Protein chains: 2
Amino acid sequence: MDLSERQLQILQAIITDYVENAEPVGSRSIAKKYDLGVSPATIRNEMSDLEEMGYLTHPHTSAGRVPSDKAYRLYVNNLMKKKNLSAKDKRLINERLQASRDEFDQTIRHAAELLSEITHLTSFALTPATNDETIAFIRLLPVDERTLILMIVGESGNVTNTTLRLKVPYTQETLDLLSKNMTVNYKGRTLDDVLKSHIIEDVGSDIEAMNAALTALKGTVMPSFIRTLEDMLNVNLYMEGMTNIFNLPEYSSIDRARDFMQLFAQKDWFTQKMLQRADGVVVTIGEENAKMKDCTLITATYHVDGKLVGKIGVIGPTRMKYDEVTSLMEYLTNNLSESFRLTEGEDYTERND
Amino acid sequence: MDLSERQLQILQAIITDYVENAEPVGSRSIAKKYDLGVSPATIRNEMSDLEEMGYLTHPHTSAGRVPSDKAYRLYVNNLMKKKNLSAKDKRLINERLQASRDEFDQTIRHAAELLSEITHLTSFALTPATNDETIAFIRLLPVDERTLILMIVGESGNVTNTTLRLKVPYTQETLDLLSKNMTVNYKGRTLDDVLKSHIIEDVGSDIEAMNAALTALKGTVMPSFIRTLEDMLNVNLYMEGMTNIFNLPEYSSIDRARDFMQLFAQKDWFTQKMLQRADGVVVTIGEENAKMKDCTLITATYHVDGKLVGKIGVIGPTRMKYDEVTSLMEYLTNNLSESFRLTEGEDYTERND
DNA sequence: TGTTAGCACTCACCACGTTAGAGTGCTAAT
DNA sequence: ATTAGCACTCTAACGTGGTGAGTGCTAACA
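The rules behind the values
- Residues numbered from 1 in each chain as written.
- Chains lettered and ligands numbered in written order.
- Predicted model: local features only at pLDDT ≥ 70, side-chain atom pairs only at ≥ 80, totals over all residues.
- Heavy atoms only, no water.
- Near = heavy atom within 4 Å.
- Polar contact = N/O pair within 3.5 Å; in protein donor to acceptor, adjacent residues only side chain to side chain.
- Helix = DSSP H or I, 4+ residues; strand = E, 2+ residues; numbered from the N terminus.
- Salt bridge = Lys/Arg side-chain N within 4 Å of Asp/Glu carboxyl O.
- Buried < 20%, exposed > 50% of the residue type's maximum accessible area, 1.4 Å probe, protein only.
- Domains from an automatic or database assignment.
- Contact = heavy atoms within 4.5 Å.
- Buried area = accessible area lost by both parts, 1.4 Å probe.
- Nonpolar A, V, L, I, M, F, W, Y, C, P; charged D, E, K, R; others polar.
- Axes fitted to C-alpha atoms, helices over the stretch in contact; angles between N-to-C directions.
- Parallel < 35°, antiparallel > 145°, perpendicular 65-115°, else oblique.
- Left-handed = near helix turned anticlockwise from the far one by under 90°.

**Student:** So what exactly am I meant to see when it comes to the protein's contact with DNA strand D here?
**Tutor:** Around DNA strand D there are 20 residues in total, and Arg6, Thr42, Thr61 and Ser62 of chain A together with Ser27 of chain B lie nearest to it. The share of sugar and phosphate among atoms of DNA strand D within 4 Å of the protein is 73%. Here serine 39 of chain A contributes a backbone N or O atom positioned 3.1 Å from a phosphate oxygen of DNA strand D. At a separation of 3.5 Å, a sugar or linking oxygen of DNA strand D approaches a polar backbone atom of alanine 63 of chain B. Listed by contribution, the elements that provide at least two residues to the surface near DNA strand D are helix H3 (40-52) of chain A together with helix H3 (40-52) of chain B. Looking at the surface near DNA strand D element by element, the count peaks at 4 residues for H3 of chain A.

Okay, here's the thing in structure tokens:
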């Protein structure tokens, strides 16, 4: 059952007005503000039909209409037009991302900051998932006679390390041997792959002619190796502008505000949810989010070296400027991906922390 | 002007009652609940005096009395008695901190979690300040012909690293030379010391007979070295139970809740403030905190290896159970320090991330 | 002189009724 | 098919009076 041209116009007008003013919009104000050439009565009739079709709701009899999730969905899919960023915003983005170009996590965080500053919503950024990162080498470095550092280095320059303190002293020789042995075993394999296979494989069974000291050391090092790998897989989550929502009327009640804040108390849960989302700009509205029934979530992906994929996102009430936010996020992720494309012959420093 | 024994008793009763019920307490209820052997009228007279001296306030004429910051200060300094933790809480703490004993940052975070769970307030934990950490060695590791890893290792096993990508290829030989050279220069010095001296010293001027390639490499590496040192100085801040305060009546208004949340939006500012606080259990009440006028802040310090010092803390309204919270924090920090005392011949893994 | 009973007074809070205004939905005219 | 007109509905705002908790003062008492 398709909507008539006029119904679309009215729906669009209602959405525009409601997004702007956060108050149920009545037939009269539509007729006055948007020049549709029909009277309030006609608009009332159309509104009634739109409500029947599920695009509008009614807080109570004598109130105006409010767009439903379905209406926003229609708007995002069909009605919305791309917006050009203001010159001011563009300048802001270029300056701010440029300035910190050489520090990875910082840049990601700045992107999230920009997002929340410009949209006045809550935003977040995830560092890239490293499931497909391949291991370049593994190194064991001596600190003192019973302390050593285990270091795993990925092809993209990712580094993770752990400090181990052993019961018994080790020798430099066994350390070097184990370093080489592990590197040979794991070089070129992805983190995911190594972790999965390790749950099955019998640790150490793959090495022949291994002397007792080496076997003992390996036995101690392997659990840490696995933990460190898991650590390397963890992505960082940066949240920005959490308090922005306090200025929005939909969170003027304490209960709503608390519910919102509690979403982010479980960082791990939230991170997992976000990682599961598809690539590109993804919009999920209200009920489409299992929890977070009355939020809209918009995520977008950026690329590092054209390979690893990270995410940035915005969370707010379903009433938001979809056109502006999605356009901004597109611009921002393009800009990020550009920054993280390694150009030939360039000095580049990447912070691992 | 000292308070009489009876005035102290009344003050104590008011504080106890108000902390429990969060409502202005009247003369009648004091007389009934706490057996002071005097009539409400007498209590009223004493209350009037206490108010004149600034220990009590009056929301409006026909309401009961509320303790002022000054009253809480008196209570904390003189009246409060140490509380024994419940067996349940002790068990909880021992289990939870034991379980994660081998992962440093995790343990710290768990401590903060426990703190907010037991007190139902907002809590935080800071990893130890590393200003006095001494450098053990510096290592430059090759990844590919133009990529290398700069790694700084402290005596306590702290590790920080950075991935560098250079314009021009380097040779293994120069890398090793520079590694050794830097280690010789900085080994045994504290991070603070190295950073300070570097602002004055002319980078590279201390090396004689240095060939051109080495000088060039050093020129590229040094800025990253400094940044990495600064990075190593950064402490991590973990916040827990931020949404707990939504359940407290003092934050039932959106404005109060927002103000509270915004304190933690500036993590850096907050971290700095906390680092400046004295060691041991420190309580600051209401106006004593420049910002955060209507909060009480309690911090305590734990030790790592008996040397480095980290902090945990609790934030809430001035109305809180000072005796229980301070006792809990004392127990918790003792427990932490114990966990982080390196016992001889023990297997120990410390995560650096 | 310190303590207490008694009492008038204050003030927040709640329940209630009233009013004003915005907006709908229906009907009849165009 | 569109529109003017009008009755109807419901919320939000305002005012009113009653209630109860609590104070502060005064005068009596030990």
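**Student:** Can you walk me through the pattern of salt bridges in this structure?
**Tutor:** Pairing is possible between side chains of opposite charge, provided their charged atoms come close. All told, the structure shown has 26 salt bridges over all chains when counted by the stated rule. For lysine 321 of chain B, the salt bridge goes to glutamate 20 of chain B, with nearest N and O atoms at 4.0 Å. Placement of the pair is lysine 321 of chain B in the loop between strand S10 (308-317) and helix H12 (322-339) and glutamate 20 of chain B in helix H1 (residues 5-21), with a sequence separation of 301 residues. The exposure class of lysine 321 of chain B is partly exposed, given its relative accessible area of 37%. Note that arginine 73 of chain B and glutamate 288 of chain B form a salt bridge whose closest N and O atoms lie 2.6 Å from each other. One end of the pair, arginine 73 of chain B, is in helix H4 (residues 69-79); the other, glutamate 288 of chain B, is in the loop between strand S8 (282-285) and strand S9 (295-304), with 215 residues separating them in the sequence. A single salt-bridge network, built from bridges that share partners, covers Arg96, Glu113 and Glu117 of chain A.

**Student:** Just to check I follow, could you spell out the domain arrangement of chain A for this structure?
**Tutor:** Quoted interface sizes are often the accessible area lost when the parts come together. Residues and elements named next belong to chain A. What the domain assignment lists for chain A is domain 1 (5-79), domain 2 (87-129 + 235-352) and domain 3 (135-232). Averaged C-alpha coordinates put domain 1 and domain 2 at centres separated by 30 Å. Across the boundary between the two partners, domain 1 contributes 9 residues, which contact 13 residues of domain 2. Contact between domain 1 and domain 2 buries roughly 990 Å² in total, counting both sides, with carbon and sulfur atoms accounting for 61%. Put simply, domain 1 and domain 2 have 4 residue pairs in polar contact (both at pLDDT 80 or more) between them. Listed by contribution, the elements that provide at least two residues to the side of domain 1 that touches domain 2 are helix H1 (5-21) and helix H4 (69-79). Considering each element in turn, the side of domain 1 that touches domain 2 owes the most residues, 5 residues, to H4. Residue composition of the side of domain 1 that touches domain 2, grouped by class: 6 nonpolar, no polar and 3 charged.

**Student:** Looking at this model, I keep getting lost on the packing of helix H6 (residues 104-119) of chain B against H12 of chain B. Mind explaining?
**Tutor:** Angle between the axes and distance between the axes are the two parameters that describe a pair of packed helices. Residues and elements named next belong to chain B. Two numbers describe how H6 lies on H12: the axes approach to 11 Å, and their chain directions differ by 160°. Classified by the angle between their axes, H6 and H12 sit roughly antiparallel to one another. Regarding H6 and H12, the two cross each other, and that crossing is right-handed. For the pair formed by H6 and H12, the contact residues are Thr107, Ala111, Leu114, Leu115, Ile118 and Thr119 on the first element and Val325, Leu328, Met329, Leu332 and Leu336 on the second.

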